[in-house]
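Fold and geometry: a report
Here are the chains, one letter per residue:
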Amino acid sequence: MTVEPFIGLSALLFAIGAIGVLVRRNAIVVFMCVELMLNACNLSFVTFARAHGNLDGQVAAFFVMVVAAAEVVVGLAIIVSIFRTRRSASVDDASLLKL
Amino acid sequence: MTSMSSIVLAASEHADVVPVAADGVFSWMWLLVAIPAVSAAILLIGDGAGDHGPLDRFGHLLGTAAAIASFVVGVVGFVALLGQDVAERAVTQDLWTWMQVGGFDVTMSVYYDQLSALFVLLITGVGSLIHVYSIGYMAHDPRKRRFFGFLNLFIAAMLVLVLAGDYLVLFLGWEGVGLASYLLIGFWQEKRSAAVAAKKAFIVNRVGDLGLALGIMLMFAQFGTTNIHEVGLNVTNASQSVATALGLLLLLGACGKSAQVPLQSWLLDAMEGPTPVSALIHAATMVTAGVYLVVRSAAIYDLSEVARTAVVIVGCVTLLFGAWIGCAKDDIKKALAGSTMSQIGYMMLAAGLGPAGYAFAIFHLITHGFFKANMFLGAGSVMHGMNDDVDMRHYGALRKLMPLTFITFAMGYLAIIGFPGFSGFFSKDRIIESAFATNFWAGLAALLGAGVTAFYMTRVMILTFFGERRWREDVHPHESPKIMTVPLIVLAALSVVGGALTFSDWIEDWLTPVTGSEHHELGVPAWVITLIIVAVVAVGASLAYVLFARRDVPDTAPQQVSVFTRAGRADLYGDAVNEAVFMRPGQYLTRSLVYVDGTGIDGAVTGTAELVGDGARGLRRLQTGFVRTYAAEIFGGALVLVLALLAVNLA
Amino acid sequence: MTAFWLLAPIMVVAALGVVLSRKAVHSALCLAVVMISLAMMYAMQDAPFLFAVQIIVYTGAIMMLFLFVLMLVGVDKTDSLVETIKGQRLVAIVLGLLFGGVLVTVVAQAFVGPVVGLGEANADGNVHGLAKLLFNRYVFAFEATSALLITAVLGAMVLAHRERLEPRRTQRDLALERMQRYAEHGEHPGNLPTPGVYARHNAVDVPALLPDGSTSEISTSKTLRDRGVVRDGAFAGDVSVTMRRLEADGPERGRVEPPPSTPARHDGEEDL
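Residues numbered from 1 in each chain as written. Chains lettered and ligands numbered in written order. Predicted model: local features only at pLDDT ≥ 70, side-chain atom pairs only at ≥ 80, totals over all residues. Heavy atoms only, no water.

Chain C is annotated in an unreviewed UniProt entry as NADH-quinone oxidoreductase subunit J from Mumia zhuanghuii. Under Function (unreviewed entry), UniProt gives the following word-for-word description of chain C: "NDH-1 shuttles electrons from NADH, via FMN and iron-sulfur (Fe-S) centers, to quinones in the respiratory chain. Couples the redox reaction to proton translocation (for every two electrons transferred, four hydrogen ions are translocated across the cytoplasmic membrane), and thus conserves the redox energy in a proton gradient." (UniProt positions renumbered as here; feature names shortened; annotations may be inferred.)

Take a nonpolar patch on the surface next. All names here are of chain B. A cluster of nonpolar side chains, W28, W30, L95, W96, W98 and L172, forms an exposed patch at the surface whose accessible area comes to about 610 Å². For the nonpolar patch, the element with the most residues is strand β2 (residues 91-101), which contributes 3 residues. Mapped onto the elements of the fold, W98 is located in strand β2. We classify W98 as partly exposed; its relative accessible area is 32%. (Patch = residues over 30% accessible without salt bridge, like charges linked within 9 Å, V, L, I, M, F, W, Y side chains within 5 Å. Areas by Shrake-Rupley, 256 points an atom, 1.4 Å probe, with all protein chains shown as cover. Salt bridge = Lys/Arg side-chain N within 4 Å of Asp/Glu carboxyl O. Helix = DSSP H or I, 4+ residues; strand = E, 2+ residues; numbered from the N terminus. Buried < 20%, exposed > 50% of the residue type's maximum accessible area, 1.4 Å probe, protein only.)

All names here are of chain B. For helix α20 (residues 482-497), spanning 16 residues, the distance from its first C-alpha to its last is 22 Å, which sits close to the expected 22 Å at 1.5 Å a residue. Considered for burial, the residues of α20 that qualify are M484, T485, P487, L488, L491, A492 and S495. Looking down the long axis of α20, one finds its buried residues gathered within 160° of arc, a one-sided arrangement. Next to the buried residues of α20 lie α4 (114-137), α16 (358-385), α17 (403-417) and α18 (423-438). (Expected span 1.5 Å × (residues − 1). Arc of directions from axis to C-beta. Contact = heavy atoms within 4.5 Å.)

Our focus in this paragraph is the sheet that holds strand β3 (residues 104-112) of chain B. Residues and elements named next belong to chain B. Reading across from one edge, β1-β2-β3 is the order of the 3 strands in this open sheet, with mixed pairing throughout. Single-partner strands in this sheet number two, and they are β1 (20-21) and β3. Strand direction decides the pairing type here: β1 and β2, joined by 2 bridges, are parallel. Paired with V20 across the bridge in β2 is V91. (Pairing = 2+ DSSP bridges.)

On to the interface of chain A and chain C, then. Between chain A and chain C, the contact holds 67 residues from the first and 83 residues from the second. Across the chain A to chain C interface the summed buried area is about 6,700 Å²; carbon plus sulfur atoms make up 77%. A per-residue breakdown of the area chain A buries against chain C is headed by R24, M32 and M65 of chain A, which together make up 10% of the total. Across the contact surface, chain A and chain C share 1 salt bridge. Across the salt bridge formed by R137 of chain C and D56 of chain A, the nearest N and O atoms sit 2.5 Å from each other. (Buried area = accessible area lost by both parts, 1.4 Å probe.)

Taken together, the contacts link 11 residues of chain C with 11 residues of chain B. In total, chain C and chain B occlude about 1,000 Å² of area from one another, counting both sides; carbon and sulfur atoms represent 81% of this. By the criterion of area lost to chain B, the three top residues of chain C are I85, L95 and F99 of chain C, representing 50% of everything that side buries. Counting across the interface, chain C meets chain B through 0 salt bridges. At the junction of chain C and chain B, the tally comes to 1 residue pair in polar contact (both at pLDDT 80 or more). Across the side of chain C that touches chain B, the residue classes tally to 7 nonpolar, 3 polar and 1 charged. (Polar contact = N/O pair within 3.5 Å; in protein donor to acceptor, adjacent residues only side chain to side chain. Nonpolar A, V, L, I, M, F, W, Y, C, P; charged D, E, K, R; others polar.)

As structure tokens, this is what we get:
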């Protein structure tokens, strides 16, 4: 089993996820796209682990999952609390970074 | 010129002078400066100007009294100095430390010696007479209090100059007289020409001051001191080139203050000031400061033949230059101003001759102070009677109407042309003799100058006091009041008897400790030279008589004249040269610098600012406040990073 | 590789679905498809532990969390796909394609050398091997993740928690407030009208009818209104259809008694 198709698929998923982050306005969907990108990375890790014949890549993927879980928890909490005050889950509405 | 051995001998001779500490009368010499300085301060910053307070009514009396008091102190000091031993005639008194920076120590001191004493007498004596005269001359001027304040300021500054024991203190007085001169030339500041002339005098003097300042800096750099006496001691150990550089720099300063070529152009314009100012500053005292500087720095000039030759050349050129201008001017004051330049040229010439000439330079300076002040004041008296008309072509036949002015002016006239027996005869004769003894060409220039002097002074005399009356209709010439004629009489008397100073070589002996002395034997007996001089003077006077007394004088200056006359009327194109060589290129330079500054430097600065501003305005569009835009930017950055890494790896 | 080529198109399509779905729920379901497929890919590549974790943690926990939040926030509106930031979509697509292109064409091809395989590493079993690594070389990172998880839990609690800043309002306070609003703005102090009153149905998506036959907006739930599933309340059509039918059946059957005073009025307005 070669590795190139896996890596290519991983790249493709990553790019799709990135486009989604940039295009979608619903914060939850944006979040899902971020997850998509993380998973694409995980696929690469696992593939490279196999290619190199050691388990370090899998460990990295494992850590990514842990961190992603933590991130999702906090991120969704933030979305909920923002929604509670602004009645909107659109990322464009939170444009307070602008002067 | 003289041989080296005699130079070194002469130099060491007056370096032997050891100043003694002042005591008794001499410890009061600071009053010389203090009295007029305090008076000037009272007159200038006393109660509000122009409000007809007591100072406005009696201020001129205060100023005159201050000048006379200073003169009295000067006389007392002089008498006391006469009573001293010859070895103890250089008296110094340290007043306070002016500045102390590391090893650099400037003491504010009074240095009173034979040379200073003579200058003090001249300045305060002639100054007092001119103060008295001004009481009459400026009687109707609403700002005469200020005028007398300026005169006092000038006297004080000039006395600081001649009593300084340190070149830096001398420079203080030097700048002080420059300031007073500026203020007095521009006294009638409402006249544009006066304001311009004042500025011109100030600026041209700055050029000379630069030379003096550089000279003082060089002294400090070389010797670590600016004390005149110590510099004189140190310079004998210095190299020839240092002495030459010092001499030339001091000469530049002297040229500026004494209106010598090439810095002569301000003196003629300075006649815009009131006539007493012309008499006091631009004839009798301030313009002699350059001569004083050269004589005072004798120790330096003794060591550098180049510097002395430069002084001689400057003196000769100015001597003829001033005489030439004096011949061409119709304005009585400008003719006298040309004559002043010429006579100071004589003094410079004499000073450039070294120990052989210093004493004669001072001698001529003193007699010139008498007769030139006399003539300027006489001219002022004439103008006073002629409604301030200065054109000699509008005078004529005034001898009957102004007998006192005529007689006193005639005394001055006889003195300046060197009529035997009058003071100028002795002083000029000595200079020409010394010049011939040292250098034939310098002597020839001096001799020629004597003839030309006789010519133009006779012309002034004839145009003013003899011939037909050519007055305007509304002019009623009259003799001036006593307050103006009495100083004239005193000065005329001094012009006549001033030559007595040289009897039995008194002045040479008196000044020898300061200047050293040296005698050159002429190839011919002295009386032969004297006869030649008298003959030349007679020729000049006769020529003037033929040209001006025998013919009608046109009311306006004829335009069809020789190229020499035209050049003389244009001040020998001094202003034109200054304009062409300094002013125009300077203007072009400043204009182009302004252009470069405006387009190049400002352009770069504003261009950079605009570039940044435009860039910021463009980049601002990226700052939309939408998080997705920022995400896109981050993503773009990541892409660039990946591409960069690829480029690095593939390269 | 057969499994890969079967799964890969499904994953790409599902990923596109995540990005392109109008409804967030559909996106979430598509994402779940991608994740399960990924789990299979892990299994395919000798990573059974990750296969299980991917299913349990991602698909089981994280995706459920997403769905919960979606329900919390409310599936009120479908997302508009109209771009509001000028040029954003173009920039995103160009950047994404460039990025993907670069990665696929260069990075994926950059791997040279034989594929080693995990036969040796997994000799004692995959979980065993991973555990060895985790509790030896990566033990500090592992401990750090535990701290991270606890922090995340605390953070979520803090963010979700709402501090009560005023005393709880009692029934009495609420009633007073209502009466105050009535006094000031004339707002009706009583209950909102219930849906379906005088309407043909009494379902929640049918608004109540007002005396003039028009519908009452406030009688239906805001969520339903936002979703646009509230039924048309205009009843006139239904009434006329019924009347025509009745007439067609003849006067003896189902005859409607006209009102005594105002026979011309319709919709039974005077009954209200």
